[in-house]
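Read off the chains here:
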Amino acid sequence: MDVIVRPTPLLRGEIGALSSKNYTTRYLLVAALAEGTSTIYYPAHSEDSDAMRRCITDLGAELAEDEEKIIIKGFGRQPRDIKELNVGNAGAVLRFLLAITALCPEVTFVNTYPDSLGRRPHNDLIEALQSMGVEIEHRDGRLPITVRGGAAQGGKIRVSGAVSSQFLSALLFLTPLLEEDSEIEVVNDLKSKVVIGQTLEVLEQAGIVIHASEDLMHYKVPGRQSYQAREYTVQGDYPGSAAILVAAAVTQSDVKVHRLMERSKQGERAIVDVLRMMKVPLTHENGIVHVRGNGRLQPLEFDGDAATDAVLAMVAAAVFADGTSRFYNVENLRYKECDRITDYLNELRKAGADVEERQAEIIVHGHPDELPGGVTINAHYDHRVIMALTVVGLRCKQPLLIKDAHHVAKSYPGFFDDITALGGHVEWVEA
Ligand SMILES: O=C(O)C1=C[C@@H](OP(=O)(O)O)[C@@H](O)[C@H](O)C1
Ligand SMILES: C=C(OP(=O)(O)O)C(=O)O
């Protein structure tokens, strides 16, 4: 399905934020790894969170769900002997489960998105798991991947965090279950470091003890631990909400987004500070972000690694700022659903934006005028490209046609409903 985005000068109304993708995938996983019955309130519903539901069910967890909660009877340290798993296009789900299936005899992860997840590299995690005695068959670090586990051992483990934090998170979920104690050393670099804070928070809630160094580069993980069955509540999602907040910032607006905790560990919480720095009128109180946009924005410089999943939305805001903005330290955007630097900037240029790329930087020469628009946008299988281009389309002279916009459902299936509820002119059309 495609979407037509038409010029929309005004947005007004209130919505509840979608539930956090990152917390939902983590709570589903730790609930599956516990031996008792856990309850997760307000889990996200999206392709990625459904992929985790499907895979933990295949691995032996029992799930019962109603409108507000999901009840999960876990499989503990003994997942079912399953031959195949399909994670869809979900990177974090794949990486976490590559580690957890080290507890299984033999599992093949199939390649259902050859042009998106199928292109993403997992070598750094594969090498770490191999060093732990896990046999892995792969195609140059990419899907399809077969994990022959059963003999995984703790001890001293080194993992590179230069491409993704998900490799480290994956090892942090696995190592507490091993017989031996483990020491994990992160080498090269650690990108998206703030996300590790979410992993550690969830592990602690699940009763797991991990000793992390202050710089998050060294970990001592006692072995023979058990995940505890617990009750969890999923908070609102900043990365998805960032697109809504930016839509409000680039239009004349009066928009409230509820359920966005001020003290969240989500790095993308920075969207609120970034919009403030861009001089967008807003308040953030009692979990409600209230934007009263006037369409005027100031440019800024920002370290995008602190808020990786909100950078595309921030760039969309910068397109309409009065001057040049720079988003630096963002190289790992190239290893996401698409190359979120080259591919994304190409689509922005089609709409009329003036943008430049460096290997690890996005430079935006912003102009307050509307962009010409009137072009067809390639979504590159990327929900965040779709959301960001929708925001840009609201402030184009002519409509944007976003091809294959249904991929927005990877994280935010209700995105276009929420934009419509706020008065945005968007319309689904058959491809
Ligand atoms: O651990 C996670 O749940 C995620 C980590 C981040 O990836 P990287 O660490 O690869 O940047 C983020 O972009 C992704 O959406 C979710
Ligand atoms: C990159 C993302 O997800 P993942 O890495 O889990 O596919 C995302 O949600 O923007």
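Here the structure is a predicted model, which means the values were calculated and not measured.

Overview of the sheet that holds strand 1 (residues 2-5)
So, step 1. Read from one edge of the open sheet, four strands run 23-25-1-26, paired in mixed fashion. Two strands in the sheet have a free side with no partner beyond their single neighbour: strand 23 (376-377) and strand 26 (426-429).
So, step 2. For strand 1 and strand 26, the ladder comprises four bridges, and the chain directions are antiparallel. Paired with isoleucine 4 across the two strands is glutamate 427, which belongs to strand 26.
So, step 3. On top of the sheet, helix 11 (residues 383-394) reaches strand 1, strand 23, strand 25 (400-402) and strand 26; it is set at about 165° to strand 25, its chief contact.

With respect to empty space enclosed by the protein
So, step 1. Taken as a whole, this structure holds four cavities of 30 Å³ or more when the rule is applied.
So, step 2. If you add up the space inside the largest cavity, you get close to 290 Å³.
So, step 3. Of all the secondary-structure elements, those providing two or more residues to the lining of the largest cavity are helix 1 (21-32), helix 3 (91-100) and helix 11.
So, step 4. When residues of the lining of the largest cavity are assigned to their parent elements, the largest contribution, four residues, is made by helix 3.
So, step 5. Tallied by class, the residues present in the lining of the largest cavity amount to five nonpolar, nine polar and 11 charged.
So, step 6. Residues from two domains meet in the lining of the largest cavity; each of domain 1 (2-18 + 236-429) and domain 2 (21-223) gives at least three.
So, step 7. Quantified by volume, the second largest cavity comes out at close to 50 Å³.
So, step 8. Taken together, Pro239, Ala243, Asp309, Ala310, Leu312, Ala313, Arg384, Met387 and Ala388 form the lining of the second largest cavity.
So, step 9. Only helix 7 (238-249), helix 9 (311-318) and helix 11 provide two or more residues apiece to the lining of the second largest cavity.

Focus on helix 7
So, step 1. The end-to-end C-alpha separation of helix 7 is 15 Å, in line with the 16 Å expected for 12 residues at 1.5 Å each.
So, step 2. Helix 7 sits mainly inside the fold: 12 of its 12 residues count as buried.
So, step 3. N-capping of helix 7 is provided by aspartate 237, with a side-chain oxygen placed 2.7 Å from the backbone N of glycine 240.

Notes on the domain arrangement of the protein chain
So, step 1. Segmentation of the protein chain into domains returns domain 1 (2-18 + 236-429) and domain 2 (21-223).
So, step 2. Distance from the C-alpha centre of domain 1 to the C-alpha centre of domain 2: 29 Å.
So, step 3. Of the residues lining the interface, 22 residues belong to domain 1; the matching set on domain 2 comes to 25 residues.
So, step 4. Interface area, domain 1 with domain 2, both sides summed: about 1,900 Å², of which 48% is carbon and sulfur.
So, step 5. Summed over the shared surface of domain 1 and domain 2, the result is two salt bridges.
So, step 6. Among the salt bridges present, the one from arginine 120 reaches glutamate 337, with a minimum N-O distance of 3.9 Å.
So, step 7. Class assignment for the residues of the side of domain 1 that touches domain 2 results in six nonpolar, eight polar and eight charged.

Focus: the site of ligand 1
So, step 1. Looking at ligand 1, there are 14 residues lining it, with Ser164, Ser165, Ser192, Asp309 and Lys336 nearest.
So, step 2. Between ligand 1 and serine 164 there is a distance of 2.6 Å, counted from an oxygen atom to a side-chain nitrogen or oxygen.
So, step 3. One nitrogen or oxygen atom from the side chain of glutamine 166 is found 3.1 Å from an oxygen atom belonging to ligand 1.
So, step 4. Here ligand 1, which alone exposes 380 Å², has 96% of that area covered by the protein.
So, step 5. Judged by the proximity of its atoms to the pocket grid, ligand 1 belongs to the largest cavity.
So, step 6. When contributions to the shell around ligand 1 are tallied by element, the ones reaching two or more residues are helix 1 and helix 3.
So, step 7. The greatest single-element share of the shell around ligand 1, amounting to three residues, is contributed by helix 1.

Criteria and thresholds
Residues numbered from 1 in each chain as written. Chains lettered and ligands numbered in written order. Predicted model: local features only at pLDDT ≥ 70, side-chain atom pairs only at ≥ 80, totals over all residues. Heavy atoms only, no water. Pairing = 2+ DSSP bridges. Helix = DSSP H or I, 4+ residues; strand = E, 2+ residues; numbered from the N terminus. Contact = heavy atoms within 4.5 Å. Axes fitted to C-alpha atoms, helices over the stretch in contact; angles between N-to-C directions. 1 Å grid on protein atoms, 1.4 Å probe; cavity = no way out; pocket = protein on both sides within 12 Å on 5 of 7 lines; lining within 4 Å. Points joined across faces, edges and corners; volume = space filled by probe spheres on them. Nonpolar A, V, L, I, M, F, W, Y, C, P; charged D, E, K, R; others polar. Domains from an automatic or database assignment. Expected span 1.5 Å × (residues − 1). Buried < 20%, exposed > 50% of the residue type's maximum accessible area, 1.4 Å probe, protein only. Polar contact = N/O pair within 3.5 Å; in protein donor to acceptor, adjacent residues only side chain to side chain. Buried area = accessible area lost by both parts, 1.4 Å probe. Salt bridge = Lys/Arg side-chain N within 4 Å of Asp/Glu carboxyl O. Near = heavy atom within 4 Å. Areas by Shrake-Rupley, 256 points an atom, 1.4 Å probe, with all protein chains shown as cover. Sits in = over half its atoms within 2 Å of the grid points.

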